[in-house]
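As a plain string of letters, each chain reads:
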Amino acid sequence: MLNNLVNRHDADRLLRKVRTLDLDPVLAKLRVRGGARVVQHWSRVDPSLTEWWAIPAVVKRWNLLMTGDADTSFPAYVAARHFAPRTGLRGLSLGCGTGGNELLWARTGAFALLEGVDVAEQRIDFATRTAAEQGLSDVLRFRVTDVNRMAADGERFDVLLGLQSLHHFDHLDETLPRLAGLLEPGGTFVVDEFVGPTRFQWTDAQLDAANTLLARLPEERRRLADGRIKRRVVRPSRMSMVLDDPSEAVDAATLLPGLRRHFDVVEERPYGGTVLHIAFSGIAHNFRDQKPETLALLERCFAAEDAALPAVGHDFVALVCRARTP
């Protein structure tokens with residue numbers, strides 16, 4: 001309807017809210033607009049255990065596809081292959097959230113200082129406390145600031161990190177050159193990102209593959225946190241995406257072409273997610289244990305995505321880039 005501006009799933013979701021008298025969150029979103037809604041959405045600090053990144057076996061799969069070794073993380077791989085023998089680097093991580101990724105990068109030993117920036121003060125406070133608790137506050141710092149202001153102020157870094165944050169940026173043909181300006185000459189831009197459909201407008205082929213996989217899962221593995229059974233993956237309406245978070249995948253489909261256009265790509269490692277990301281969404285907590293039957297089921301899921309990837313492509317990619325010399 002209207003290029004999926006709204007769809008019947010919006011009505012279903014609203015009806016569930018009415019039935020449970022849970023309208024306050026919906027009304028609160030309607031009262032907050034634009035950038036303030038983005039900040040409100042990202043002010044939560046509790047980690048979700050219902051999404052695919054919470055599954056240990058999925059993380060090992062990422063490692064394998066990004067580094068060639070299931071036990072070697074992407075930060076460790078990049079530090080050894082692309083930073084070494086340099087140490088004492090000064091880095092900036094864009095949209096750092098609660099700082100979980102930045103902890104991993106700080107532990108590589110490559111940085112004298114790694115700064116994380118974000119728009120949500122609550123997340124910055126959480127990240128700062130966590131860094132102190134883990135003894136990394138001498139290397140890892142966090143602050144609330146505007147990246148555009150940093151570029152205008154002439155701040156420069158040896159390394160720029162875009163870790164699941166760049167797909168929240170819009171006007172990429174203007175933004176990416178501005179980000180390049182934050183790098184010292186010869187600096188490195190490391191990217192680990194969602195590069196799939198803008199506003200999560202999943203393709204028909206992608207939905208077919210995800211729903212075929214979902215239908216093969218036992219019912220107890222498809223139980224959502226509220227007790228309902230996940231029956232299908234659906235394409236969210238554009239209105240619901242904007243209502244939840246105006247920045248979510250706002251220009252995602254143009255991100256990878258933009259990176260290739262504005263930077264020299266030294267290494268590019270796609271790692272799927274086109275099927276698993278949406279099939280596991282909301283039910284990942286049912287796959288977190290390390291029991292043999294769970295791991296065997298996950299291997300079948302991984303094989304299903306691998307079989308689909310030639311047709312549906314990759315929605316996630318890791319890259320190491322260099323800023324182009326003017």
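Shown above is the structure to which this text applies.
Residues numbered from 1 in each chain as written. Predicted model: local features only at pLDDT ≥ 70, side-chain atom pairs only at ≥ 80, totals over all residues. Heavy atoms only, no water.

Describing the nonpolar core
Working step 1: Of all hydrophobic cores here, the largest spans 63 residues; its most connected members are Phe74, Phe83, Trp105, Phe111 and Phe280.
Working step 2: The element contributing the most residues to this core is helix H14 (residues 292–312), with seven residues.
Working step 3: The next biggest cluster of nonpolar side chains, apart from the first, holds 26 residues, and it includes Val191, Leu259, Val317 and Cys321. (Core = buried A, V, L, I, M, F, W, Y, C linked by side-chain atoms within 4.5 Å. Buried < 20%, exposed > 50% of the residue type's maximum accessible area, 1.4 Å probe, protein only. Helix = DSSP H or I, 4+ residues; strand = E, 2+ residues; numbered from the N terminus.)

A closer look at the sheet that holds strand S2 (residues 111–118)
Working step 1: Read across the open sheet, the seven strands follow the order S3-S2-S1-S4-S5-S7-S6; overall the sheet is mixed. Either end of the sheet is taken by a strand with one partner, and the two such strands are strand S3 (140–144) and strand S6 (263–270). Sheet twist, expressed as the mean angle between neighbouring strand axes with direction ignored, is 20 degrees.
Working step 2: Relative to strand S4 (residues 157–163), strand S1 (residues 89–94) runs parallel, the two sharing four bridges. Bridging across to S4, Leu92 finds its partner in Leu160.
Working step 3: Against the sheet, helix H4 (residues 56–67) engages strand S5 (183–194), S6 and strand S7 (316–323), with an angle of about 135 degrees to S6. (Pairing = 2+ DSSP bridges. Axes fitted to C-alpha atoms, helices over the stretch in contact; angles between N-to-C directions. Contact = heavy atoms within 4.5 Å.)

Observations concerning helix H7 (residues 121–133)
Working step 1: The end-to-end C-alpha distance of H7, which contains 13 residues, comes to 18 Å, matching closely the 18 Å that a straight helix rising 1.5 Å per residue would cover.
Working step 2: Buried within H7 are the following residues: Arg123, Ile124, Ala127, Thr130 and Ala131. For H7, the angular spread of the buried residues around the axis is 130 degrees, confining them to a single face. Of the residues in H7, the exposed ones pointing more than 90 degrees away from the buried face are Glu121 and Glu133.
Working step 3: Tucked into the core, H7 has its buried residues touching helix H6 (100–106), S2 and S3. (Expected span 1.5 Å × (residues − 1). Arc of directions from axis to C-beta.)

Observations regarding the layout of surface pockets
Working step 1: As a volume, the second largest pocket reaches approximately 220 Å³.
Working step 2: As for the second largest pocket, its lining consists of 13 residues, and the residues nearest its centre are Ala57, Lys60, Arg61, Glu299 and Phe302.
Working step 3: When contributions to the lining of the second largest pocket are tallied by element, the ones reaching two or more residues are H4 and H14.
Working step 4: When residues in the lining of the second largest pocket are grouped by element, the largest group, six residues, is from H4.
Working step 5: Residues of the lining of the second largest pocket, tallied by class, amount to eight nonpolar, one polar and four charged. (1 Å grid on protein atoms, 1.4 Å probe; cavity = no way out; pocket = protein on both sides within 12 Å on 5 of 7 lines; lining within 4 Å. Points joined across faces, edges and corners; volume = space filled by probe spheres on them. Nonpolar A, V, L, I, M, F, W, Y, C, P; charged D, E, K, R; others polar.)

Observations regarding unusual backbone geometry
Working step 1: Cis geometry marks the peptide bond from Ala84 to Pro85; its omega dihedral reads 5 degrees.
Working step 2: One can find Pro85 in the loop between helix H5 (74–83) and S1.
Working step 3: Here the phi dihedral of Gln164 falls at roughly 55 degrees; this positive angle occurs in a residue that is not glycine.
Working step 4: Topologically, Gln164 is positioned in the loop between S4 and helix H9 (172–180).

Topic: the packing of aromatic side chains
Working step 1: If you walk through the whole model with that rule in mind, you get 13 aromatic pairs.
Working step 2: Between Phe189 and Phe263, the ring centres sit 5.0 Å apart and the planes meet at 55 degrees, which makes this aromatic pair tilted. Of this pair, Phe189 sits in strand S5 while Phe263 is found in strand S6, placing the two residues 74 residues apart along the sequence.
Working step 3: By relative accessible area, which is 0% here, Phe189 ends up buried.
Working step 4: Accessibility expressed as a relative area gives 0% for Phe263, which makes it buried.
Working step 5: Members of the aromatic cluster, joined through ring pairs, are Trp52, Trp62, Phe194, Phe200, Trp202, Tyr271 and Phe316.
Working step 6: A cation sits over an aromatic face here: Arg221 above Phe287, 5.7 Å from the ring centre. (Phe/Tyr/Trp six-rings, centres within 6.5 Å; stacked < 30°, edge-to-face > 60°. Lys NZ or Arg CZ within 6 Å of the ring centre and 35° of its normal.)

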